Structures are given as C-alpha cells and as structure tokens.
Amino acid sequence: MNDAEKGPEEPPRAAFGHGENPPGIEVLGARDVPLGGPRAMTVRRTLPQRARTTIGAWCFADHYGPDDVADTGGMDVAPHPHIGLQTVSWLFSGEIEHRDSMGNHAFVRPGELNLMTGGHGISHSEVSTARTTTLHGVQLWVVLPEEHRNTGRDFQHHVPAPVRVDGAEIRVFLGTLAGDTSPVRTFTPLLGAELLLDPHSTTELAVDTGFEHGVLVDHGDVHVAGTTLRPAELGYLGTGNDTLTLTNGTDSVARVILLGGTPFEERIVMWWNFIGRSHEDIVEAREAWQNASDRFGEVDGYDGDRLPAPVLPNVRIAPRRNPANH
Ligand code: MN
C-alpha cells in the first residue's frame, strides 16, 4: 500500500514538541499521502517519520477513511512486491480483495486480521470490492528481525472475539491484552488491538512494562498520559508503563488502534515496499522485481499490469534508527 511513495518521506513539519506535551508522550501527527488508484485515494501516514521510525517492530501506519468510494474511487493497488516485513490489513468498514503469489485469494473484512509475511519475497494486489461503499481502516507493517527477515512467504487470518472490559470493547489481533491472546505468530513481541471506548468512559489496561506503545486515534478525543489525542494522531509512550489509562472525552464511542512491542533496535533501510539492512539489499530486491524473478512469484487474477518499481534515488539510501527513547 506504500506504492505511491517514490522515496524516503520527509514529514512536512515537526509533528511533536517536547515542550508542549508532558513527559512520557509524544504526539505524532499524520501527513497525507496519495495512494494511487483510479482517483488517488489519500491515506494519513503516522509511521515512519523523522521523529520516529518504529514502535516495537511496527514500522508503518496508514489510516484511511471513512471514504465514500463513489468519490475516491476506492483502493486499487496492482501487484507489487515486499521483503523483510509483514503487512496487517484491518478494516472498520468496507471490503478488500487480496491476491498474492502464494495463490491466496482472500477478502479482508472489518474485525478480521489478515497478516501477510513478505520475508524473502512475496507479491500481492489489494482492491476494494464493488460492494464497498465506505472504505475505512488501517494498513500496518511489522519489520522482521535480522534472524527472520528472509523467512518464507506466509498468510494468516484470524477473527478475534470481542472482549468486554470496564469502559471498552477490545479486539486483540496480535499479542495479549485484556485477558485475550491472538494465536497468530509474530517474530518479535508485539501487541495490536482495536479498542472501542464507551462515551465519557475511562479504561485501564495492564500492559507489558517492556513494551513501548502507540495509540492511534480513529474517532473521538482520547486522553492518555495527560494529553488529548485527536483523530489521526498517534501518541507514543515509551517503555516502563504497567498500565495504560484511556479516557474518551466525547459523547460518542471512540475508536483507537493500540500498538505495542519491545523496542526494535536494528538499523533498517526502508524504500518503496522493501525493508532491508543496506542499500544493496534494496537494489537487489528492486532488480529481482523488475526482472520478474521467482523471488516474488506471480499474482493470478488481478485485472491489469503489475506495478513497476520507482527509480532509485541518486544517493545511497540511508539507514534509519529511532532517537533514544525517553
Ligand atoms: Mn502491499
């Protein structure tokens, strides 16, 4: 889904300020990125950005909608490759048809996790279906650690049962929260969950003190650690918290995506749909895609051509690493 992006991104502004927020939370603003497709559907990207590359191993967060597909043309991302990462598609409304080079043909629906592992190489297409009228959800990436980054292709599906806690309904799609554990395998300790916060409610959640967390607000004003997060903002909390307390300050249900994981310390190189460790990793993957190598396989059933890789920048692609956690 990163396909419209031609190179390393530069956020339009410094989206957080240490002076403005209490210690312990950074507010990461979103920037609009055209995704491509018939009328260039736009997504709101909060990861990666200059201030922060990863939260745990979460390295990419796109948030979109609610979009009237009659206006935006919906999603139509032609076959494209991935290496070194997993993709999570999570919808609030609408439906996306997924096809990949393992031969999977799946429908991504609200409340259902689809986790695709790129590993050494996979290719896939994503198209919103004709019956979709409103498209609304997130697309997230997980960077694979060095020892697993060349793992085989994989695709897993899981429908978490909603868990009811004081003030919220929770769907845990990866990791453990509120007494529920996702059966889906990850390569680093991770948390991913959708939270629906009751109007004017406060929810306390026990979390792993070794995790850092991201609170991405879809709808509502959500108070966390003394700061109010507004829609499309991603609040970052460092390690050391054993509880997260979320308060919905509005009189309608608020929706939040909660991400977490142990800090990812490796330097990574991100370009287009690839994550490697060096410029050479990226060059090699790009050549393999352009030459239609077996590394990525073929996607059957997509109506159209596959996406060509953008031209590489004239300079070596620099590795990224997070600033020191605070
Ligand atoms: Mn993709």
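Owing to the predicted nature of the structure, the values given are computational and were not obtained by experimental measurement. (Residues numbered from 1 in each chain as written. Predicted model: local features only at pLDDT ≥ 70, side-chain atom pairs only at ≥ 80, totals over all residues. Heavy atoms only, no water.)

A. Focus on the side chain of Q49. One can find Q49 in the loop between β3 (42–47) and β4 (58–68). Reaching out from Q49, the side chain makes a polar contact with the backbone oxygen of T46 at a distance of 2.7 Å. (Helix = DSSP H or I, 4+ residues; strand = E, 2+ residues; numbered from the N terminus. Polar contact = N/O pair within 3.5 Å; in protein donor to acceptor, adjacent residues only side chain to side chain.)

B. Local environment of unusual backbone geometry. Cis geometry marks the peptide bond from L47 to P48; its omega dihedral reads -10°. The topology assignment puts P48 in the loop between β3 and β4. Each neighbour pair has its own omega, and for G65 with P66 the value is 5°, a cis peptide bond. Mapped onto the elements, P66 comes out in strand β4. For A178, which is not glycine, the phi dihedral falls at a positive 55°. Phi is positive for W272, close to 50°, though the residue is something other than glycine. Mapped onto the fold, W272 is located in the loop between β25 (269–271) and β26 (274–276).

C. Here's a closer look at the environment of R185. Relative to the helices and strands, R185 is located in the loop between β16 (180–181) and β17 (190–197). On a C-alpha basis, the gap between R185 and T250 in space is 36 Å, while along the polypeptide they are 65 residues apart. Those residues in contact with R185 that sit more than four places away from it in its chain are Q86, L115, H148 and Q156. (Contact = heavy atoms within 4.5 Å.)

D. Up close: the coordination of the manganese ion. Taken together, the protein donors to the manganese ion comprise H80 (NE2), H82 (NE2) and H124 (NE2), at separations of 2.1 to 2.2 Å. We note that the donor set of the manganese ion lies within a single chain, spaced as H-x1-H-x41-H. One end of the pair, H82, is in strand β5 (residues 76–82); the other, H124, is in strand β10 (residues 122–128), and 42 residues separate them in sequence. (Donors = N, O, S within 2.8 Å, 3.2 Å for Na, K, Ca; no water.)

E. Focus on the sheet that holds strand β18 (residues 202–206). Read from one edge of the open sheet, 4 strands run β18-β23-β20-β21, paired in antiparallel fashion. In the strand order of this sheet, the two ends are held by β18 and β21 (227–229), each with one partner. In this sheet, neighbouring strand axes are inclined to one another by 30° on average, regardless of whether the strands run parallel or antiparallel. Bridge count for β18 against strand β23 (residues 243–248) is 5 bridges, and the pairing is antiparallel. Its bridge partner being in β23, L205 is matched across the sheet by L244. (Pairing = 2+ DSSP bridges. Axes fitted to C-alpha atoms, helices over the stretch in contact; angles between N-to-C directions.)

F. Representation of the sheet that holds strand β7 (residues 96–100). Taking strand neighbours across the sheet as the criterion, the 4 strands line up as β5-β10-β7-β8 in an open arrangement whose pairing is antiparallel. Looking at strand neighbours, the two that pair on one side only are β5 and β8 (105–108), the edges of this open sheet. Neighbour-to-neighbour, the strand axes of this sheet turn through a mean angle of 20°, independent of strand direction. Bridge count for β5 against β10 is 5 bridges, and the pairing is antiparallel. Across the sheet, the residue bridging to D76 is V127, located in β10.

G. Highlighting the packing of aromatic side chains. Enumeration over the complete set of coordinates arrives at 7 aromatic pairs. Ring centres of W271 and F274 lie 6.3 Å apart, and the angle between their planes is 35°; on these two criteria the pair is classed as tilted. Exposure remark for W271: the relative accessible area of 1% places this residue in the buried category. For F274, a relative accessible area of 0% translates into the label buried. (Phe/Tyr/Trp six-rings, centres within 6.5 Å; stacked < 30°, edge-to-face > 60°. Buried < 20%, exposed > 50% of the residue type's maximum accessible area, 1.4 Å probe, protein only.)

H. Structural detail: the side chain of R255. Residue placement: R255 occurs in strand β24 (residues 254–261). R255 has contacts with F92, H136, E194, L195, L196, L216, V217, D218 and H219, leaving out every residue within four places of it along the chain.

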